[in-house]
Amino acid sequence: MKILKKLLILTVFTVVQMSVLCSCDAYIAGKDPVGANELGTVRVNDGNYTIVLDQSGEYSFKNMDNELYRIGAEKDGQRVIVTYYFADDGRHPGKPIDIYKVLTKDVFTMSEAAEDSIGNDRIDVINAWIAGGYLNVKFGYYGSGLRSHFINMVSYPDGNENIPVSAGPYFEFRHNDFNDGWSYWFEDYASFPLDIDVNSDDRIYIGYNNYYGQKQIIELALDSSEPDNSGIVAGVQRAKLQ
């Protein structure tokens, strides 16, 4: 298996860690794509590991457990991005190229005591969708690469001033940058297990504060189709997350 290489860029003021693997690894210039990137969920059953890809279903390969431990993604329910070559049929997943760990956290129920630590710093949501039983977000923000940023999805069971509870479940995508500098632009993914009663709700709402200081509201229909894999990129420039 091709091992994920990391390039450390050192400057006087900061250290930026970024993956040198990108979606281009699965393509040959001027030809049809020979592979893809896909989000999936690690499943552990009696010590046996599999990855359930959001669109392609169950996926496994030799020594997969060792690779999951290598990147710290061995827990059941952990979300990952798998980069793979297509099988001989040109459609289904074949030989893996690499695996990338995705920040995976439970949805947090907001309380007054937690308001300061959760933070409400500016962030941009590039895309949000529901797949694999998770609420998935691709996001971007500025940082130095030296400090860990705090990312959470917060639920408001009683709604708030932005969305009344009668409209549907309301969440906020929260970011605490701990007063980090704005030296570099980073993009990454996060996944949150979603437990919604589809019999009573047909959509959810997600609020966040963008870099113009504006409150943005995203409306997601629960029966919306999942996006294709073309929007998933393995080699985004990353900072430290928690």
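Residues numbered from 1 in each chain as written. Predicted model: local features only at pLDDT ≥ 70, side-chain atom pairs only at ≥ 80, totals over all residues. Heavy atoms only, no water.

### With respect to the overall build of the chain
Along the backbone of the chain there are two helices and 16 strands. Evaluated residue by residue, the chain yields a buried proportion of 44% over its 242 residues. A fraction of 68% describes how many contacts in the chain between residues 6 or more apart in sequence connect residues 24 or more apart. Roughly 12,600 Å² of accessible area belongs to the chain as shown, and the carbon and sulfur atoms make up 48% of that amount. (Helix = DSSP H or I, 4+ residues; strand = E, 2+ residues; numbered from the N terminus. Buried < 20%, exposed > 50% of the residue type's maximum accessible area, 1.4 Å probe, protein only. Contact = heavy atoms within 4.5 Å. Areas by Shrake-Rupley, 256 points an atom, 1.4 Å probe, with all protein chains shown as cover.)

### Points about the pattern of salt bridges
Scanning all chains against the criterion turns up nine salt bridges. Residue Arg 70 is joined to Glu 67 by a salt bridge in which the shortest nitrogen-to-oxygen separation is 2.4 Å. Linking Arg 70 with Glu 67, this pair stays in helix H1 (residues 64-70), spanning three residues, or about one helical turn. Notably, a salt bridge pairs Glu 219 with Arg 203, separated by 2.4 Å at the nearest N-O pair. Note that Glu 219 is positioned in strand S16 (residues 215-221) and Arg 203 in strand S15 (residues 203-209), a separation of 16 residues in sequence. Overall, Arg 203 belongs to the partly exposed group, its relative accessible area being 24%. The structure contains a network of salt bridges with shared partners spanning Glu 67, Arg 70 and Asp 98. (Salt bridge = Lys/Arg side-chain N within 4 Å of Asp/Glu carboxyl O.)

### A look at the packing of aromatic side chains
Aromatic ring pairs are described here by two measures, namely the spacing of the ring centres and the angle between the planes. Applying the stated criterion to the full structure yields 16 aromatic pairs. Ring geometry for Tyr 156 against Tyr 170: centres 5.7 Å apart, planes inclined by 50 degrees, an arrangement best described as tilted. Of this pair, Tyr 156 sits in strand S12 (residues 150-156) while Tyr 170 sits in strand S13 (residues 170-176), placing them 14 residues apart in sequence. With relative accessibility at 2%, the residue Tyr 170 sits in the buried group. Ring geometry for Phe 173 versus Phe 192: centroids 6.3 Å apart, planes at 80 degrees, classification edge-to-face. (Phe/Tyr/Trp six-rings, centres within 6.5 Å; stacked < 30°, edge-to-face > 60°.)

### Here's the deal with the sheet that holds strand S8 (residues 103-104)
Read from one edge to the other, the open sheet built from four strands follows the order S8-S14-S11-S10, with strand pairing classed as mixed. This sheet does not close on itself; its edge strands, each paired only once, are S8 and strand S10 (124-131). Sheet analysis places S10 next to strand S11 (residues 134-143), joined by seven bridges and oriented antiparallel. Within S11, the position partnered with Trp 129 by the bridge is Asn 136. (Pairing = 2+ DSSP bridges.)

### Looking at the side chain of Asn 152
Summarising the element assignment, Asn 152 is placed in strand S12. Within the local environment of Asn 152, its side chain forms a polar contact with the side chain of Lys 105, the two groups lying 3.2 Å apart. Filtering out sequence-adjacent residues up to four positions away, Asn 152 remains in contact with Lys 105, Ile 118, Glu 172, Phe 173, Arg 174 and Phe 192. (Polar contact = N/O pair within 3.5 Å; in protein donor to acceptor, adjacent residues only side chain to side chain.)

### Points about the sheet that holds strand S5 (residues 57-59)
What the five strands build is an open sheet, ordered S5-S4-S3-S6-S7; its pairing is antiparallel. Edge positions in the open sheet fall to S5 and strand S7 (93-101), since each of these has one partner strand only. The average angle at which neighbouring strand axes cross in this sheet is 40 degrees, direction not considered. One ladder, built from six bridges, connects strand S6 (residues 79-86) with S7; its direction is antiparallel. Paired with Tyr 84 across the bridge in S7 is Pro 96. (Axes fitted to C-alpha atoms, helices over the stretch in contact; angles between N-to-C directions.)

### Quick notes on the confidence of the model for the chain
Averaged over the chain, the pLDDT score is 80; the fraction of residues at 70 or greater is 77%. Below a pLDDT of 50 lies the segment residues 1-31, which in the model reaches 67 contacts outside its immediate sequence neighbourhood of four places, other chains included. (pLDDT = per-residue confidence, 0-100.)

### A look at the nonpolar core
The biggest cluster of nonpolar side chains holds 23 residues, and the ones touching the most others in it are Phe 173 and Ile 204. Secondary structure elements with two or more residues in this core: S10, S11, S12, S13, strand S14 (184-193) and S15. Take this core: its biggest share by element is four residues, from S11. When near neighbours in sequence (up to four residues on either side) are disregarded, Phe 173 contacts Ile 123, Val 125, Val 137, Phe 139, Ile 151, Asn 152, Met 153, Phe 192, Ile 206, Gly 207 and Tyr 208. Formed by 15 residues, the second largest nonpolar core is a distinct cluster that contains Leu 53, Phe 61, Val 82 and Tyr 84. (Core = buried A, V, L, I, M, F, W, Y, C linked by side-chain atoms within 4.5 Å.)

### As for the side chain of Glu 172
Looking at the secondary structure, you find Glu 172 in strand S13. Polar side-chain contacts of Glu 172 include one of 2.8 Å to the side chain of Arg 174. Engagement of the side chain of Glu 172 in a polar contact is seen with the side chain of Lys 215, the distance being 3.2 Å. When sequence neighbours within four positions are dropped, the list of residues in contact with Glu 172 reads Asn 152, Met 153, Val 154, Tyr 156, Asn 160, Asn 162, Gly 207 and Lys 215.

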